[in-house]
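Overview (structure and organization)
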Amino acid sequence: MSDPNTSQLDASAAAHAEALHGSRWKRRALLAATLAAFSALACAQNVNPDETGHEPVGTRAALQKARPVTARHAMVVSAQHLATMVGVDILKRGGNAVDAAVAVGFAEAVVHPCCGNIGGGGFMTIHLKDGRNLFLDFREKAPAKATPTMFQDADGNVVEGRSTDSYLGVGVPGTVMGFDTALKRYGTMSLQQLIAPAIKLARDGYVLEQGDVDSLDSSTGAFAKHANVAAIFLDHGKPFKVGERLVQKDLARTLELIAKGGTKAFYGGPIARAVVKGSDANGGILSLRDFAGYTAQWEKPIQCEYHGYTVVSAPPPSSGGTTLCLILQIIKPYPLAKWGYGSVDSVHYLVEAERRAFADRNTYLGDPAFVHNPIDTLLSDAHAAKLRATIKQDQATPSSEVQGSLGAPEGNHTTHYSVVDKDGNAVAVTYTVNFLFGNKQIAGDTGFFLNDEMDDFTGKPGVANGAGLVQGVINRVEPGKRPLSSMTPTIVLRDGKPFMLTGSPGSATIISSTLGSFLNVVEFGMNMQQAVNAPRLHQQWYPDVVYAGQGLLTPESQQALEAMGYRFKPFSGGAVEAILFNPKTGLLEGAHDPRRPAGLAAGY
Ligand code: GLY
């Protein structure tokens, strides 16, 4: 099917690729872009919302025209426009990227309550202007009374909903400790200054736009179950409408306590007491001691090389960086740019690389404070070569034939945002309450949703969790342990300088969404916005199915891949919020993901 706008995309992609990689890549990019235009765009209509409730990505014309927001000095991209503007304001007032990241994080707890949070946890990847790469782990921890079988009944069956809808699913929240830890070491402004915009948004309220209402609407039934939740997130029992104002006075008070009392207020004061009281009253196991013992910690980020790019990302207890790097290691020798985005060959080899990387992820990774993670082996050239050798040239490998490849182990909801300041400091944050609005409960009058992060553990080896991940004993529940995450806040460097910030929500699809945003630029010649918007591909070992965004494949490609043994399911993937440093223009290019329409890329 021909496309009148193909040449426009070709030219822009080729120019873009040339700027990024030099003329050596121009021919590859032209070819890739041509194939991409055919396979990705030629037959795409409006992309339907998938089961995750994401909005359409856009028509083919919209994708072809997609252009990032540009800025000369600094940029913030997040899933909620008011949070983005809070960050831009901090940067304009002289705050650095860490300051802005903390302010955006607190603001999202108010204006993006499904996912932004103080009741959950996450990870922060930092590149400082002096060249240092840092990683902060503020993932939730299992309470001291947690046990490996706590989500099973007496017969050893996993009880549906116990890890997601009850207080047993709540891990000790890490966000407040994480933001304070980052700020104390690398920030320049006070906690009070950075929480102030969030307090104002909670106390005065903010006007809901369509994207905000869509997010709230996903959980109307759940809000109605608890009077203290319904009182805030429903309007006299009815869903809020566009144009109405959401006021969160309880949350404003909680944020004021944190602004005044710092982490003590949250972990050793009235907030911890209120959450533990709520937990006690609802069959939970959280204790004041769990809160008092919570720590955030600095870790060495995962790093890997891919055709001149250095990928800096999340180490365990996230699987994100390791799995991303393992996939990149496997695909490194393949001529993806020549094959093209959405082509039969690139889909085949990407899927097989993801299948093998997820098998290893699910078998060998867990909280490093509890289990050994064989990172060096997993990311070695020899290991990638070994896995590559098992990929059949023209046939899908059934997941049942793929096992964790090192033998026996030793041992949606989330949000991402990216911040760059005028000095070149870069901060990528992914944080989460796990499912949308976490366990959908609020302790007393604290005003914030609690996470259900315990579902990221292995409830029972071999039984899929809420993300559909079939994980092993290495990620079993243990007291004080952090559940294995897929969050992948990533900073890509070129010649030691930031090139791209990327990351996504979406449980296991975080990894493939993040991977896609990177490959779409460096292999397939897309600009940052096209790379974010483009239909995605995901395979996570089990279920043995390939998730493909609508428009990724032509009917012919899909047929050819089905003949090779692949079974496809539609999906949308995560919501990437990315920034690219364009070396040719010297401008920052921000790309907000239209799958979360409330968001915004903005800078100055
Ligand atoms: N809760 C999603 C993740 O951490 O992977």
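To start, this report covers the structure provided alongside it. Owing to the predicted nature of the structure, the values given are computational and were not obtained by experimental measurement.

1. Considerations on the state of the cysteines
Within this structure, the stated rule accounts for two disulfides. Between the sulfur of Cys114 and that of Cys115 lies a disulfide, 2.3 Å long from S to S. Across the S-S bond linking Cys114 and Cys115, the dihedral sits near -100 degrees, which makes this disulfide left-handed. Take Cys115: its relative accessible area is 0%, and that puts it in the buried class. Residue pairing for Cys304: its cysteine sulfur links by disulfide to Cys325, the two sulfurs lying 2.2 Å apart. Between Cys304 and Cys325, the S-S dihedral sits near -80 degrees, and the bridge is therefore left-handed. Separated by 21 residues along the polypeptide, Cys304 in strand 8 (residues 302-306) and Cys325 in helix 14 (residues 320-331) bring together distant segments of the chain. In terms of burial, Cys304 and Cys325 fall into one category: buried. Cysteine pairing for the protein (bonded cysteines numbered in sequence order): 1-2, 3-4.

2. Looking at the packing of helix 6 (residues 175-186) against helix 11 (residues 249-267)
If you want to describe how two helices pack, look at the angle between their axes and the distance between the axes. Where helix 6 meets helix 11, the closest approach of the two axes is 9 Å, and the angle between their N-to-C directions is 125 degrees. It follows from the interaxial angle that helix 6 and helix 11 lie oblique. Of the two possible hands of crossing, helix 6 and helix 11 adopt the one that is left-handed. Counting all contacts with helix 6, which are made through Thr175, Val176, Met177 and Asp180, the residues of helix 11 involved are Ile258, Thr263, Phe266 and Tyr267.

3. What to know about the packing of helix 14 against helix 18 (residues 381-388)
Closest axis-to-axis distance for the helix 14/helix 18 pair is 8 Å, and the angle between their directions is 65 degrees. Classified by the angle their axes make, helix 14 and helix 18 are roughly perpendicular. Helix 14 and helix 18 meet at a crossing whose hand is right-handed. Along the contact surface, helix 14 presents Leu326, Gln329 and Ile330, while helix 18 presents Asp381, His383, Ala384, Leu387 and Arg388.

4. Quick word on unusual backbone geometry
Peptide bonds are mostly trans, and most non-glycine residues show a negative phi. Here the bond from Pro316 into Pro317 is cis, since omega is 15 degrees, no more than 30 degrees from zero. Within the element layout of this structure, Pro317 appears in the loop between strand 9 (309-313) and helix 14. Put simply, Tyr542 and Pro543 share a cis peptide bond, and its omega is -5 degrees. As for its position among the elements, Pro543 is in the loop between strand 14 (537-538) and strand 15 (546-548). The phi angle at Asn434 is positive, at roughly 75 degrees, despite the residue not being glycine. Locating Asn434 in the fold gives a position in the loop between strand 11 (426-432) and strand 12 (490-494). We note that Phe437 has phi near 60 degrees; this positive angle belongs to a residue other than glycine. By the element assignment, Phe437 lies in the loop between strand 11 and strand 12.

Calculation rules
Residues numbered from 1 in each chain as written. Predicted model: local features only at pLDDT ≥ 70, side-chain atom pairs only at ≥ 80, totals over all residues. Heavy atoms only, no water. Disulfide = S-S within 2.5 Å. Buried < 20%, exposed > 50% of the residue type's maximum accessible area, 1.4 Å probe, protein only. Helix = DSSP H or I, 4+ residues; strand = E, 2+ residues; numbered from the N terminus. Axes fitted to C-alpha atoms, helices over the stretch in contact; angles between N-to-C directions. Parallel < 35°, antiparallel > 145°, perpendicular 65-115°, else oblique. Left-handed = near helix turned anticlockwise from the far one by under 90°. Contact = heavy atoms within 4.5 Å.

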